[in-house]
Amino acid sequence: MSAPLRSLTLSLPDEAATEALARQFAPLVSGAGGGPVGGRIHLQGDLGAGKTAFTRALLRECGITGRIKSPSYALLESYKVSNLYFYHFDFYRFTDSREWLDAGFRDLLRDEAIVLIEWPERAGGLLPPPDMQISLVYAEPGREVTLTAHTARGQTWLNAIVPPPPVPSPPAAPSAGA
Ligand SMILES: Nc1ncnc2c1ncn2[C@@H]1O[C@H](COP(=O)(O)OP(=O)(O)OP(=O)(O)O)[C@@H](O)[C@H]1O
Ligand SMILES: [Mg+2]
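Residues numbered from 1 in each chain as written. Chains lettered and ligands numbered in written order. Predicted model: local features only at pLDDT ≥ 70, side-chain atom pairs only at ≥ 80, totals over all residues.

Participant: Tell me about the overall build of the protein, residues and numbers included.
Facilitator: The helix and strand tally for the protein stands at 4 helices and 7 strands. Moving toward the C terminus, one meets the helices and strands of the protein in the order β-α-β-α-β-β-α-β-β-β-α. The principal-axis extent of the C-alpha atoms belonging to the protein is close to 75 × 35 × 35 Å. Within the protein, the fraction of its 178 residues that count as buried is 29%. A fraction of 65% describes how many contacts in the protein between residues 6 or more apart in sequence connect residues 24 or more apart. (Helix = DSSP H or I, 4+ residues; strand = E, 2+ residues; numbered from the N terminus. Buried ≥ 20, exposed ≤ 12 C-beta atoms within 10 Å, placed from the backbone. Contact = placed C-beta atoms within 7 Å.)

Here you go:
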């Protein structure tokens with residue numbers, strides 16, 4: 001038997017591909033796929049890499065219907081759908097770890113909560129390792145994403161992700177003299 005996959009790199013040629021990948025996470029974190037409810041995802045990547053776009057598509061697929069704002073200023077946007085609790089953090093402007101402790105953010109990292117964190121590296125060592133790290137980098141075309149599992153739960157998710165079909169390569173040019 002081959003070793004379980006710990007990390008997976010995929011091409012996301014356009015925003016629709018980012019959204020399609022994000023939608024695959026909805027049944028995994030919401031329990032709709034038969035697994036446990038909850039999970040923590042860290043989203044890394046430069047400004048505009050697609051961290052919020054990914055999160056929005058995941059939240060929509062989980063049934064969140066209102067406006068989904070980027071938490072760049074508020075640090076946290078939270079949502080509740082039936083018995084599911086979602087916390088979307090963005091630590092880009094995070095400066096003071098007391099802010100984290102005073103706001104009681106740590107209490108939100110419960111096993112059954114669904115937590116998505118943009119710019120987790122800005123929170124220094126305050127965060128426990130996520131179930132999955134999602135790294136987005138600019139590529140041609142679009143973006144390249146690497147999914148890395150850090151826990152057994154993340155490992156289960158990784159095995160459930162269906163890679164998108166490869167982008168068809170352009171037809172071969174007719175050979176000279178044909
Ligand atoms: N695979 C893709 N290929 C090309 N464009 C994409 C892809 N995925 C998302 N985008 C586009 O990239 C932009 C991503 O913006 P988004 O706000 O999600 O970035 P972000 O990583 O959250 O940035 P920030 O660090 O500022 O929060 C959007 O304009 C979106 O349409
Ligand atoms: Mg963002």
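Participant: I'd love a proper account of unusual backbone geometry, names of residues and values included.
Facilitator: Cis geometry marks the peptide bond from E140 to P141; its omega dihedral reads 0°. Looking at the secondary structure, you find P141 in the loop between strand 6 (132-138) and strand 7 (143-149). Located in the positive-phi region is W119, a residue other than glycine, with phi close to 55°. Tracing the backbone through its elements, the reader meets W119 in the loop between strand 5 (114-118) and strand 6. Using a count of 19 C-beta atoms within 10 Å as the deciding quantity, one classes W119 as partly exposed.

Participant: I'd love a proper account of helix 1 (residues 15-30), names of residues and values included.
Facilitator: The end-to-end C-alpha separation of helix 1 is 23 Å, in line with the 22 Å expected for 16 residues at 1.5 Å each. Those residues of helix 1 not exposed but buried are T18, L21, A22, F25, L28, V29 and S30. One face of helix 1 carries all of its buried residues, which in axial projection span an arc of 155°. (Expected span 1.5 Å × (residues − 1). Arc of directions from axis to C-beta.)

Participant: Please give an account of the nonpolar core that cites residues and values.
Facilitator: One finds L58, I117 and I134 to be the most contacted residues of the largest nonpolar core, which totals 29 residues. Mapped onto this core, the elements with two or more residues apiece are helix 1, strand 2 (39-44), helix 2 (51-61), strand 4 (84-90), strand 5, strand 6 and strand 7. Aside from chain neighbours lying at most four places away, what touches I134 is I41, H42, L43, F54, V145 and L147. (Core = buried A, V, L, I, M, F, W, Y, C linked by C-beta atoms within 7 Å.)

Participant: An account of the pairing of strand 7 is requested, with residue identities and associated values reported.
Facilitator: Residue alternation in strand 7 divides its side chains into a buried set, R143, V145, L147 and A149, and an unburied set, E144, T146 and T148. Judged from the 6 bridges that link them, strand 1 (residues 7-12) and strand 7 form a sheet pairing that is antiparallel. Across the sheet, the residue bridging to L8 is L147, located in strand 7. Between strand 6 and strand 7, which pair antiparallel and follow one another directly, the connecting turn spans 4 residues, one of which, G142, has a positive phi of 75°. (Pairing = 2+ DSSP bridges.)

Participant: Can you break down the pairing of strand 5 residue by residue, with the values?
Facilitator: A regular strand carries its side chains on alternate faces of the sheet. The buried fraction of strand 5 is high, at 5 of 5 residues. Of the pairings in the sheet, the one linking strand 4 to strand 5 comprises 5 bridges and is parallel in character. Note that in strand 5 the partner of F86 across the bridge is I114. Regarding the hand of the β-α-β motif, the stretch spanning strand 4, helix 3 (residues 97-102) and strand 5 is right-handed. (Right-handed = clockwise from strand over helix to strand, strands pointing away.)

Participant: So what's going on with the packing of helix 1 against helix 2? Which residues, and what values?
Facilitator: The geometry of helix 1 relative to helix 2 is characterised by a closest axis approach of 8 Å and an angle of 45° between their N-to-C directions. The orientation of helix 1 with respect to helix 2, classified from their angle, is oblique. Between helix 1 and helix 2 the crossing geometry is right-handed. Where helix 1 abuts helix 2, its residues E15, T18, E19, A22, R23, F25 and A26 lie against A53, F54, A57, L58 and E61. Broken down by class, the residue content of the contact of helix 1 with helix 2 amounts to 7 nonpolar, 1 polar and 4 charged. (Axes fitted to C-alpha atoms, helices over the stretch in contact; angles between N-to-C directions. Parallel < 35°, antiparallel > 145°, perpendicular 65-115°, else oblique. Left-handed = near helix turned anticlockwise from the far one by under 90°. Nonpolar A, V, L, I, M, F, W, Y, C, P; charged D, E, K, R; others polar.)

Participant: Lay out the environment of I64 with the relevant residues and their values.
Facilitator: Residue placement: I64 occurs in the loop between helix 2 and strand 3 (76-81). Put simply, I64 and F86 are 22 residues apart on the chain and 9.6 Å apart in space, counted from C-alpha to C-alpha. Leave out the neighbours within four places in its chain, and I64 touches L59, Y79, V81 and F86.

Participant: Break down the site of ligand 1 for me, with residues and values.
Facilitator: Neighbouring ligand 1 are 20 residues, the closest being G50, K51, T52, A53 and G142. Grouping the constituent residues of the shell around ligand 1 by class yields 6 nonpolar, 8 polar and 6 charged. (Near = placed C-beta within 6 Å.)

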